[in-house]
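One letter stands for each residue in the lines below.
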Amino acid sequence: MTAHSSEHATTHRTHPHLPRRIVVLTGAGISAESGVRTFRDSDGLWENHRIEDVATPEAFERDATLVQNFYNARRAQLNDVHPNPAHRALASFEQQFPGEFLLVTQNVDDLHERAGSQHLLHMHGELKSARCSRTHNVYQQHTDITPDSRCPCCNTPTLRPHIVWFGEMPLFMDDIVQALEQCDLFLSIGTSGHVYPAAGFVEIASQAGAHTVEINLEPSRIKDNFAEHRYGKAGDVLPGYLQSLLDAQ
Ligand code: APR
């Protein structure tokens, strides 16, 4: 299937009410145009690793050095990438939108905050943070975590990437579910819908009466759960879509 087949048809539908409370969910697709690779590329590998070899607690127990080096490389890569028009459009929309706005990202890069987004929750953690495995204290981390890195709290080498791995509980879930239950517009951008609980957010929002929109390169696994679909690159589609919301205010 290609992004142009009839099954990928964009469906435009007028929003039933002017939105007052918006929740946006982003995934790897929004950072793709910045040069950050998505997780589920056609070869099934993520930066040449199987996800289960680098993104599970078991992987960290098995080979901490491999996992630390993997995330060290991802962290270092952030120095070479920049926010793209989709990140910037969301930040600018948030500044102009008079209602309540929450951006929830599954991404662990810092491109949303560098674009200027304010109300932002990183539900899968952040590359630029490290966590003490013992106390769970979180610290800013801009450089590599090495076997000599010690946490400020217990001065032991117990730092791990502040990343939610498979089998671990995503962060901020109470706040996110509350916002979903109160929103009247839910946008899902650049996510394949493979990973829960994020893939279930559309159902929470639509049960609460929100209008739901999928913006993605191609239809996601859960496309049928959305009322409206816009397909194309986020950097192409999102600025115009968000401007149309502002124009409707
Ligand atoms: N614009 C919009 N969408 C895009 C673009 C683009 N330029 N490029 C790719 N996409 C879409 C792909 O078609 C795909 O549907 O982005 C989606 C990315 O999907 P995944 O790689 O599965 O990423 P994501 O959904 O964010 O993964 C969820 O899985 O591995 C875990 O914790 C990790 O947060 C991650 C979670």
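Quick look at the structure, then. (Residues numbered from 1 in each chain as written. Predicted model: local features only at pLDDT ≥ 70, side-chain atom pairs only at ≥ 80, totals over all residues. Heavy atoms only, no water.)

### Some remarks on the sheet that holds strand S5 (residues 138-140)
If you trace the three strands from one edge of the open sheet to the other, you get S5-S4-S6, paired in antiparallel fashion. Sheet topology places S5 and strand S6 (159-163) at the edges, where each strand pairs with a single neighbour. The mean angle between the axes of side-by-side strands here comes to 45 degrees, regardless of whether they run parallel or antiparallel. Where strand S4 (residues 125-132) and S5 come together, three bridges link them in antiparallel fashion. Looking across to S5, one finds that Arg131 is bridged to Val138. Running at roughly 55 degrees to S6, helix H4 (residues 64-77) makes contact with S4 and S6 of the sheet. (Pairing = 2+ DSSP bridges. Helix = DSSP H or I, 4+ residues; strand = E, 2+ residues; numbered from the N terminus. Axes fitted to C-alpha atoms, helices over the stretch in contact; angles between N-to-C directions. Contact = heavy atoms within 4.5 Å.)

### Looking at the environment of Asn216
Within the element layout of this structure, Asn216 appears in strand S8 (residues 211-216). A C-alpha to C-alpha distance of 8.6 Å links Asn216 and Ile30, two positions 186 residues apart in sequence. The residues contacting Asn216, other than those within four sequence positions of it, are Ile189, Gly190, Thr191, Arg230, Tyr231 and Gly232. Among the polar contacts made by the side chain of Asn216, one reaches the main-chain amide nitrogen of Thr191 at a distance of 3.2 Å. (Polar contact = N/O pair within 3.5 Å; in protein donor to acceptor, adjacent residues only side chain to side chain.)

### Quick look at the pairing of strand S1 (residues 21-26)
It is a general feature of regular strands that their side chains alternate between the two faces of the sheet. Counting buried residues in S1 gives five out of six residues, a clear majority hidden from the surface. Direction of pairing for S1 relative to strand S2 (residues 100-105): parallel, over a ladder of six bridges. By the bridge assignment, Thr26 is partnered in S2 with Thr105. Alignment of S1 against strand S7 (residues 185-189), held across five bridges, turns out to be parallel. Bridge pairing links Val24 to Leu187 in S7. (Buried < 20%, exposed > 50% of the residue type's maximum accessible area, 1.4 Å probe, protein only.)

Any functional reading would require information beyond the geometric quantities listed.
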